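Structural features, examined
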Amino acid sequence: MTTLLVLNGPNLNMLGLRQPDVYGRETLADVQALCEQAASRQDLALEFHQTNHEGQMIDWIHQARGRVAGIVINPGAWTHTSLAIHDALIAAEVPVIEVHISNVHRREAFRHHSYVSLVAKAVLAGFGTHGYVLAIDHFARELRAQQGGDA
Ligand code: DQA
């Protein structure tokens, strides 16, 4: 079965508690359930992780190489700081969709630059947790098109 990998960076374990005015009331467990439902509707396997440790995130990205069909990543604050995650995503050679729950472009200027966007095929920001579902559905559509089915 084709697998998608959903990766979440620092502080996303605090979803539901952290700045609910910005990120909403859903928890990370709720996001995981949404992603699993979306993947199962599309007949895709899904792996879902969150970490507050950059090295762990880089290891998961490396391990995706040759193994998963796509990475959906919400890198949290590493979006704006991490050249190492940027380089790891290039090394993985797996298509990437970057997701942000909030619309980073209407927030502080330091959230406007993303090291990840430079290596992502698409970016979703401001769709709330539905952004993850949109990313999974997009990968499913692309995979069907590659397999010669109806997009
Ligand atoms: C975020 C936006 C980032 O700027 C922030 O550091 C996060 C969450 C989002 O999902 O909107 O931790 O990636």
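Above this text sits the structure in question.
First, a word on scope: everything that follows refers to the structure included in this document. (Residues numbered from 1 in each chain as written. Predicted model: local features only at pLDDT ≥ 70, side-chain atom pairs only at ≥ 80, totals over all residues. Heavy atoms only, no water.)

What the protein contains, in helices and strands, is 5 helices and 5 strands. Sequence-ordered secondary structure for the protein, helices as α and strands as β, is β-α-α-β-α-β-α-β-β-α. Over its C-alpha trace the protein gives a radius of gyration of 15 Å, about what one expects of a compact globule, namely 15 Å for 151 residues. Seen through its principal axes, the protein has C-alpha atoms that stretch 45 × 30 × 25 Å. Counting every position in the protein, which comprises 151 residues, the buried fraction comes to 44%. Intrachain contacts of the protein at a sequence separation of at least 6 include 75% that bridge at least 24 residues. A total accessible area of about 7400 Å² is found for the protein, and carbon and sulfur atoms account for 50% of it. In the protein, 11 side chains carry a positive charge and 15 a negative one; their mean positions are 5 Å apart. (Helix = DSSP H or I, 4+ residues; strand = E, 2+ residues; numbered from the N terminus. Rg over C-alpha atoms; globule rule 2.2 N^0.38 Å. Buried < 20%, exposed > 50% of the residue type's maximum accessible area, 1.4 Å probe, protein only. Contact = heavy atoms within 4.5 Å. Areas by Shrake-Rupley, 256 points an atom, 1.4 Å probe, with all protein chains shown as cover. Lys, Arg positive; Asp, Glu negative; His and termini not counted. Charge placed at Lys NZ, Arg CZ, Asp CG, Glu CD.)

So, about the pattern of salt bridges. In a structure, side chains of opposite charge can pair up when their charged atoms sit close to one another. For the coordinates displayed, the defined rule picks out 5 salt bridges. Between Arg-107 and Glu-108 there is a salt bridge whose closest N-O contact spans 3.8 Å. Residue classification places Glu-108 among the partly exposed residues on the basis of a relative accessible area of 34%. Here Glu-108 ties to Arg-111 by a salt bridge, and the two come within 2.7 Å at their closest N and O atoms. When salt bridges with common partners are traced through the structure, they connect Arg-107, Glu-108 and Arg-111 into a single cluster. (Salt bridge = Lys/Arg side-chain N within 4 Å of Asp/Glu carboxyl O.)

Mapped onto the fold, Ser-117 is located in the loop between strand S4 (96-100) and strand S5 (122-125). For Ser-117, a relative accessible area of 29% corresponds to the partly exposed category. Ser-117 sits 75 residues away from Gln-42 along the chain, and the two C-alpha atoms are 25 Å apart. Once you skip the residues sitting within four places of it in the chain, Ser-117 turns out to touch Glu-98 and Val-123.

Glancing now at the sheet that holds S4. Read from one edge of the open sheet, 5 strands run S2-S1-S3-S4-S5, paired in parallel fashion. Edge positions in the sheet fall to strand S2 (45-50) and S5, since each of these pairs with one other strand and no more. In this sheet, neighbouring strand axes are inclined to one another by 15° on average, regardless of whether the strands run parallel or antiparallel. Here helix H3 (residues 54-64) sits on the sheet and contacts strand S1 (3-8), S2 and strand S3 (70-74); the angle it forms with S1, its principal contact strand, is near 165°. (Pairing = 2+ DSSP bridges. Axes fitted to C-alpha atoms, helices over the stretch in contact; angles between N-to-C directions.)

The side chains of a regular strand alternate, first on one face of the sheet and then on the other. Among the 5 residues that make up S3, 5 are buried, leaving the element largely enclosed by the rest of the structure. Side chains Gly-70, Val-72 and Asn-74 project from S3 onto one buried face, and the interleaved Ile-71 and Ile-73 project onto a second face that is buried too. As paired elements, S1 and S3 share 5 bridges and run parallel to each other. Looking at S3, one finds that Leu-7 is bridged to Ile-73. As paired strands, S3 and S4 are joined by 3 bridges and run parallel to one another. Bridge pairing links Ile-73 to Glu-98 in S4.

Before going further, it helps to examine the site of the ligand. Arg-18, Tyr-23, Asn-74, Gly-76, Ala-77, His-80, His-100, Ile-101, Ser-102, Val-104 and Arg-111 make up every residue found near the ligand. Taking Ser-102, its side chain carries an N or O atom lying 2.6 Å from an oxygen atom of the ligand. Interatomic distance of 2.9 Å between a side-chain N/O atom of Arg-111 and an oxygen atom of the ligand. When isolated, the ligand has an accessible area of 330 Å², and the protein chains bury 99% of it. Split into classes, the residues belonging to the shell around the ligand amount to 4 nonpolar, 5 polar and 2 charged. (Near = heavy atom within 4 Å. Polar contact = N/O pair within 3.5 Å; in protein donor to acceptor, adjacent residues only side chain to side chain. Nonpolar A, V, L, I, M, F, W, Y, C, P; charged D, E, K, R; others polar.)

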